[in-house]
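Overview (structure and organization)
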Number of protein chains: 2
Amino acid sequence: MQFFSFWRSLASFRVRVALNLKGVAADVVFVDLDADAHRTDAYRKINPQMALPALVTDDGTVLFQSLAIIDWLDETFPTPPLLPADALGRARVRGLALIVACEGHPLLTPRVRRYLDRELDLRDSQQNAWRRHWTVETLAALEGHLAGHKATGRFCHGDAPTLADICLVGHVTAAINQQISLSPWPTVKRIHETAMALPEFAKAHPSAQPDTPEAMRPK
Amino acid sequence: MQFFSFWRSLASFRVRVALNLKGVAADVVFVDLDADAHRTDAYRKINPQMALPALVTDDGTVLFQSLAIIDWLDETFPTPPLLPADALGRARVRGLALIVACEGHPLLTPRVRRYLDRELDLRDSQQNAWRRHWTVETLAALEGHLAGHKATGRFCHGDAPTLADICLVGHVTAAINQQISLSPWPTVKRIHETAMALPEFAKAHPSAQPDTPEAMRPK
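Fair warning: this is a prediction, and the values are worked out from it, not measured in the lab. (Residues numbered from 1 in each chain as written. Chains lettered and ligands numbered in written order. Predicted model: local features only at pLDDT ≥ 70, side-chain atom pairs only at ≥ 80, totals over all residues. Heavy atoms only, no water.)

Some words on the sheet that holds strand S3 (residues 54-56) of chain B
Residues and elements named next belong to chain B. Strands sit in the order S2-S1-S3-S4 across an open sheet of four strands; the sheet is mixed. Of all strands in the sheet, those with a lone pairing partner are strand S2 (27-30) and strand S4 (62-64), marking the two edges. Strand-to-strand, the axes of this sheet are offset by a mean angle of 20°, without reference to chain direction. (Pairing = 2+ DSSP bridges. Helix = DSSP H or I, 4+ residues; strand = E, 2+ residues; numbered from the N terminus. Axes fitted to C-alpha atoms, helices over the stretch in contact; angles between N-to-C directions.)

Considering the confidence of the model for chain A
A low pLDDT score tells you not to read the predicted coordinates there in detail. Confidence in the prediction of chain A, expressed as mean pLDDT, is 96, and 100% of residues score 70 or more. ipTM for the predicted complex: 0.96, alongside a pTM of 0.97. (pLDDT = per-residue confidence, 0-100.)

Some words on the pattern of salt bridges
Evaluation of the coordinates by the stated rule reveals 22 salt bridges over all chains. Notably, a salt bridge pairs Asp74(A) with Lys22(A), separated by 2.6 Å at the nearest N-O pair. Of this pair, Asp74(A) sits in helix H3 (residues 66-76) while Lys22(A) sits in helix H1 (residues 10-22), and the two are 52 residues apart along the sequence. Between Glu137(B) and Arg111(A) there is a salt bridge; the shortest N-O distance is 3.9 Å. You can see Glu137(B) sitting in helix H6 (residues 124-146) and its partner Arg111(A) sitting in helix H5 (residues 110-119), one on each of two chains. Take Glu137(B): its relative accessible area is 34%, and that puts it in the partly exposed class. Judged by relative accessible area, Arg111(A) falls into the partly exposed class, the value being 22%. Three or more residues are tied together by salt bridges with common partners; here these are Asp71(A), Arg94(A), Asp71(B) and Arg94(B). (Salt bridge = Lys/Arg side-chain N within 4 Å of Asp/Glu carboxyl O. Buried < 20%, exposed > 50% of the residue type's maximum accessible area, 1.4 Å probe, protein only.)

Focus: the interface of chain A and chain B
Taken together, the contact between chain A and chain B spans 44 residues of the former and 44 residues of the latter. Here chain A packs against chain B, burying approximately 4100 Å² in sum over the two surfaces, 68% of which is carbon and sulfur. Together, Phe64(A), Leu88(A) and Tyr115(A) form the three largest contributors to the area buried by chain A at its contact with chain B, with a combined 15%. There are eight salt bridges connecting chain A and chain B. Residue Glu75(B) is joined to Arg90(A) by a salt bridge in which the shortest nitrogen-to-oxygen separation is 2.9 Å. At the level of secondary structure, the elements contributing two or more residues to the side of chain A that touches chain B comprise strand S4 (62-64), H3, helix H4 (87-104), H5 and helix H6 (124-146) of chain A. Here the residues of the side of chain A that touches chain B are counted per class, giving 25 nonpolar, ten polar and nine charged. (Contact = heavy atoms within 4.5 Å. Buried area = accessible area lost by both parts, 1.4 Å probe. Nonpolar A, V, L, I, M, F, W, Y, C, P; charged D, E, K, R; others polar.)

Points about the relation of the copies chain A and chain B
In screw terms, the move from chain A to chain B is a rotation of 180° and a rise of 0.0 Å along the axis, fitting with an RMSD of 0.0 Å. Expressed as an axis order, the relation between the two copies is that of a two-fold axis. When C-alpha distances to the rotation axis are compared across chain A, the minimum falls at Cys102(A), with a value of 2.1 Å. The residues that chain A uses at the interface reappear at the interface of chain B in 100% of cases, marking a shared surface. (Least-squares fit on C-alpha atoms with pLDDT ≥ 70 in both.)

Laid out in structure tokens, this is it:
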């Protein structure tokens, strides 16, 4: 199994956590987004969308889109499960994950930042305000769904990590990178801390990858 | 079952198609996004994210995020299936759906348009260029994954509609609304036409809902 990843990609971060939780090893191929390595013909043949991550199974099938990859991993390596056993629980976990994946993250990706910078020629302060706005909207949406909900436990749904926590942690990482205080969203903050205390999450963090630049590692 | 919907919402359109394909009836509650009805306290209690659609089951559980709702419908009403029977097929269909849901649609939503307009004060030509850019990127990504792929059939995956077609049709609707010619993406164009020929898709179209304004109906 080959896993095409980049240290800073939050979608790659999600798949790394899932692989770690499942205890599944993959050969990691580093695709340097900063050097436009995802736009080469070689990578385009793997993923015509030229986006990360991608997972190539041993029979050569290419899987794309982080949430689809994680669903496949969960079906193929069922233990520990990343989705609840009941349909309503699965819907809640998927819904929480999609708040991040469909609404927060898409507005923060490198290609959107590039458009704001090059096509719209926004000032740095405007670009920062854009990022902060969508990051905060998503933190508030997560807190609104998590705080006081009877199904919220140590993690987003019960007491074991699911797909929802994987997505939440990536989004909180984006918030922390922007030095956004998490205090208005105490449930999100608590779950992020609980998850990051697990080695499966900590080892997957962008700052701890083989392709992480030295300057981006913890001092 | 209560379904909170708005005629123009492409995420509501997805759930309408799924309900039609499953033959499941729901009491539709119209939430007028143009009148900010999704920001009222009443709707906020249903969906703290203040986004459409939402589905409330007969036992009062609130489901949110269109793809999570469709997954739940597919699990609860298995016939006809909206996902393939095999795990790799499911991963492909989910991946295609997520290209639209996580990358195309999020950049075209009303709240993003509002930000471009009010916060960034972009000219109409810049707002149109923004919409066109992300719409076209997603059409190209879909065509890249669909054209010439052995699993592509009359629909995105085989010869029956799936979650991928539901998302594709919504995205093509956004392209048509912008008068973007589909000729560079013949596979996408063909699948859109095939799907829209089915009554389950046609009846779910934004132009054909009870809350569609008269001016937006076909002449």
